[in-house]
Amino acid sequence: MWYNPPSVYNAHVWMSSLFFSLFMYSGFFGVFFDFPDYLSYIYLVAFFILSLFFIKTLHIYLVFIGVGVLLLFVFFSFFSFYADNEYLKSGKLLLILFFSSYSAAFFCSKMYSIKQLAFILSMLSMIISLLALSKGGIGSDVRLMQGDGNPIWIARCSGISALYFFIKMKKGNKTVLELLLFMLSLLVIFLSGSRGPLASMILAIIIWLMLFDVRSVSKLMSAIFLLSITIVCSYFLLPDLMVERVFGFISGNFSSSDEYRLYLYKLAWSIFTGNPMGIGLGGFSEYALLPYPHNLVLEILSELGFLVMALFSLILFFVFFKSAKIIKRYYQNNIEVNFFYCLLIFSFTNAMFSGDLTSPKEFYFTLFFFIYFIYLSGSKNNETSTTRYG
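The present account deals with the structure reproduced in this document.

Parameters at a glance
- Residues numbered from 1 in each chain as written.
- Predicted model: local features only at pLDDT ≥ 70, side-chain atom pairs only at ≥ 80, totals over all residues.
- Heavy atoms only, no water.
- Helix = DSSP H or I, 4+ residues; strand = E, 2+ residues; numbered from the N terminus.
- Buried < 20%, exposed > 50% of the residue type's maximum accessible area, 1.4 Å probe, protein only.
- Contact = heavy atoms within 4.5 Å.
- Areas by Shrake-Rupley, 256 points an atom, 1.4 Å probe, with all protein chains shown as cover.
- Salt bridge = Lys/Arg side-chain N within 4 Å of Asp/Glu carboxyl O.
- Phe/Tyr/Trp six-rings, centres within 6.5 Å; stacked < 30°, edge-to-face > 60°.
- Patch = residues over 30% accessible without salt bridge, like charges linked within 9 Å, V, L, I, M, F, W, Y side chains within 5 Å.
- Axes fitted to C-alpha atoms, helices over the stretch in contact; angles between N-to-C directions.
- Parallel < 35°, antiparallel > 145°, perpendicular 65-115°, else oblique.
- Left-handed = near helix turned anticlockwise from the far one by under 90°.
- Nonpolar A, V, L, I, M, F, W, Y, C, P; charged D, E, K, R; others polar.

## Brief notes about the overall build of the protein
Here is step 1 of the chain: Looking only at helices and strands, the protein has 15 helices and 0 strands in total.
Here is step 2 of the chain: The 390 residues of the protein split such that 52% are buried.
Here is step 3 of the chain: Sequence-distant contacts in the protein: of pairs separated by 6 or more residues, those separated by 24 or more amount to 77%.
Here is step 4 of the chain: Carbon and sulfur atoms form 68% of the exposed surface of the protein, whose accessible area is close to 18600 Å².

## Observations regarding the pattern of salt bridges
Here is step 1 of the chain: Evaluation of the coordinates by the stated rule reveals 2 salt bridges.
Here is step 2 of the chain: Arg156 is the partner of Glu362 in a salt bridge, and the nearest nitrogen-oxygen pair spans 2.8 Å. A residue pair is termed long-range when its members are at least 10 positions apart, and Glu362 in helix α14 (residues 361–377) and Arg156 in helix α6 (residues 151–171) qualify at 206 residues.
Here is step 3 of the chain: Here Lys168 ties to Glu178 by a salt bridge, and the two come within 3.7 Å at their closest N and O atoms. Taken as a pair, Lys168 in helix α6 and Glu178 in helix α7 (residues 176–192) lie far apart in primary sequence, 10 residues in all.
Here is step 4 of the chain: A relative accessible area of 22% means that Lys168 is categorised as partly exposed.

## Describing the packing of aromatic side chains
Geometrically, a pair of aromatic rings is defined through the distance of the ring centres and the angle of the planes.
Here is step 1 of the chain: The final tally for this structure, using the stated rule, is 40 aromatic pairs.
Here is step 2 of the chain: Note on Phe312 and Phe363: the rings are 6.1 Å apart at their centroids and 65° apart in plane angle, and the pair reads as edge-to-face. One end of the pair, Phe312, is in helix α12 (residues 296–330); the other, Phe363, is in helix α14, and 51 residues separate them in sequence.
Here is step 3 of the chain: In this structure Phe312 comes out as buried when scored by relative accessible area, which is 14%.
Here is step 4 of the chain: Relative to Phe370, the ring of Tyr341 has its centre 5.8 Å away and its plane inclined at 85°; by these criteria the two rings are edge-to-face. One end of the pair, Tyr341, is in helix α13 (residues 335–350); the other, Phe370, is in helix α14, and 29 residues separate them in sequence.

## Regarding a nonpolar patch on the surface
Here is step 1 of the chain: On the surface, a cluster of nonpolar side chains totalling about 340 Å² of accessible area is made up of Met277, Phe306 and Leu307.
Here is step 2 of the chain: As for its placement among the helices and strands, Phe306 is situated in helix α12.

## Re the environment of Ile326
Here is step 1 of the chain: For Ile326, the position within the fold is in helix α12.
Here is step 2 of the chain: A residue is classified by how much of its surface remains accessible, and Ile326, at 9% relative accessible area, is buried.
Here is step 3 of the chain: Separated by 51 residues in sequence, Ile326 and Ser377 have C-alpha atoms that sit 7.5 Å apart.
Here is step 4 of the chain: The contact partners of Ile326, leaving out residues within four places of it in the chain, are Tyr331, Phe373, Ile374 and Ser377.

## Points about the packing of α6 against α13
Here is step 1 of the chain: One way to put it is that α6 packs onto α13 with a least axis distance of 9 Å and a crossing angle of 150°. One element, α6, and the other, α13, form an angle in the roughly antiparallel class. Crossing hand, α6 versus α13: right-handed. In contact with Ile152, Arg156, Gly159, Ile160, Leu163, Tyr164, Ile167, Lys168 and Lys171 of α6, α13 contributes Ile335, Asn338, Phe339, Cys342, Leu343, Phe346 and Asn350.
Here is step 2 of the chain: Of the residues assigned to the contact of α6 with α13, the class counts are 10 nonpolar, 3 polar and 3 charged.

## A word on the packing of α6 against α7
Here is step 1 of the chain: Interaxial distance between α6 and α7 falls to 8 Å at its minimum, and their mutual angle equals 155°. The orientation of α6 relative to α7 falls into the category roughly antiparallel. Regarding α6 and α7, the two cross each other, and that crossing is left-handed. Of the residues in α7, those touching α6 at Pro151, Ile154, Ala155, Ser158, Gly159, Ser161, Ala162, Phe165, Phe166, Lys168 and Met169 are Glu178, Leu179, Leu181, Phe182, Ser185, Val188, Ile189 and Ser192.
Here is step 2 of the chain: In the contact of α6 with α7, the residues fall into 12 nonpolar, 5 polar and 2 charged.

In structure tokens, the structure reads:
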């Protein structure tokens, strides 16, 4: 029953996946449409209401997590009007973590639902890419963007859709449509001039190929060859702005934004070395004009300290290697599980270049997803089902 879906659940699975995805992407859609802030919380509540349909079959720990999320939601909504930015960040982070944990456990315990979820996430990413092309400014010296929105937000979405269609082509039936959608996603990333999502996507693909799709003898050479071809093609095919941003950075010809980003990195490291136990969540804003260093690891080190970073690293490495082992054994040909694994790598890597602790919701979701995935895959009751599913 872990994978085979009862037909009566199909509509609820589609709707649950849709509202979850809309909540995850509400900030991205806000770049193009003047949505009220509370709309994202409506999506969240709608997801919870729909998830109650499965209450009889949910694991008891999932019910407790859900209650915790709802209490945090009420608490966060209440004090958000009165608290300062530091407490807002703490409340927002806790809400995102609990919601990511609940939703990941929900989809993982209903494994048949990940097909709809992956499809909706990729389609919404594709819609955002098309909106960027239709509404954004394009030119050799203009980054693809909309209004005051950060181009990297658009590139993040396009990176997600690019990974989905790449895995579809590798593991499913190759079609011209999938190739065109993959190329369109790449085009949007290139036109956005965002180096972080581009590098993150390339790294995710290379790691995935080395782990799951390349024979052991040629792993390293294939990865180096793919990276070399990508760099050479990029130099001749990318827009002028992207070439300048990428190769200028590599050659040490930093722009003013690059120099300030490097300053933030050095500042965060200096804060950590002076305060190994951290200065508290949101404390970085007391040291710089920007409230975070644009690097997830440095933000954890500077604000939460070495112990939290050590625990986070242990969890991340365990999830990364244990999940890879399970995928190789049972899920080698499953499109959605492989896509989520690529998304885990992509979202974590991208968090090394932009955003703060509350930004990479897709990273927290995939991290919790594979934590539950490891737990359920290790259960003797589910081992037969997973063997059938691969």
